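Chain residues, written in single-letter form:
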Amino acid sequence: PTDTPNLICLCPHHHRSHHRGKLGITGNADLPGGITFTNQAGNPIAQTGTNPKPPGMPPPQPAGIYRHPLGEHLHTKWIYFNPPPEHRERGEPARAAPGPASSDDG
């Protein structure tokens, strides 16, 4: 399901690796450090690069405006996230994803 604990941003290479069974992804994306990556044999993949940000620290700002390689547009009016499970149990309505209104309704 398209629930926030299941959403993670991957580059095309790692997205394909996941669907080909070469990269395992488990856990809860809503929790800091809640995702575990495993290789094809199921062994955890150690973290590399910089240390993760401390809890409560704002995310880094993007370096610039994202341009899709094929020139496609993200239409925020078509984005929908299911409410987290605890909200569904209470019957709370889903909230639309925040984002700028698109003037390109094409």
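Residues numbered from 1 in each chain as written. Predicted model: local features only at pLDDT ≥ 70, side-chain atom pairs only at ≥ 80, totals over all residues. Heavy atoms only, no water.

Q: With reference to specific residues and values, describe the side chain of S17.
A: Turning to its location among the elements, S17 is positioned in helix α1 (residues 12–19). Ignoring anything within four residues of it in the chain, the contact list for S17 reads K22 and L23. (Helix = DSSP H or I, 4+ residues; strand = E, 2+ residues; numbered from the N terminus. Contact = heavy atoms within 4.5 Å.)

Q: Outline the environment of I45, listing residues and values.
A: Examined against the element boundaries, I45 turns out to sit in the loop between β2 (35–38) and α2 (85–89). According to the relative accessible area criterion, I45 is partly exposed, its value standing at 43%. The spatial distance from the C-alpha of I45 to the C-alpha of G24 is 9.3 Å, given a sequence separation of 21 residues. Excluding residues within four positions of it along the chain, I45 makes contact with L23, F37, T38 and N39. (Buried < 20%, exposed > 50% of the residue type's maximum accessible area, 1.4 Å probe, protein only.)

Q: Report on the side chain of T38, specifying residues and quantitative values.
A: In this fold, T38 is placed in strand β2. With relative accessibility at 17%, the residue T38 sits in the buried group. When residues no more than four places from it in sequence are discounted, the contact partners of T38 are K22, L23, G24, N43, P44 and I45.

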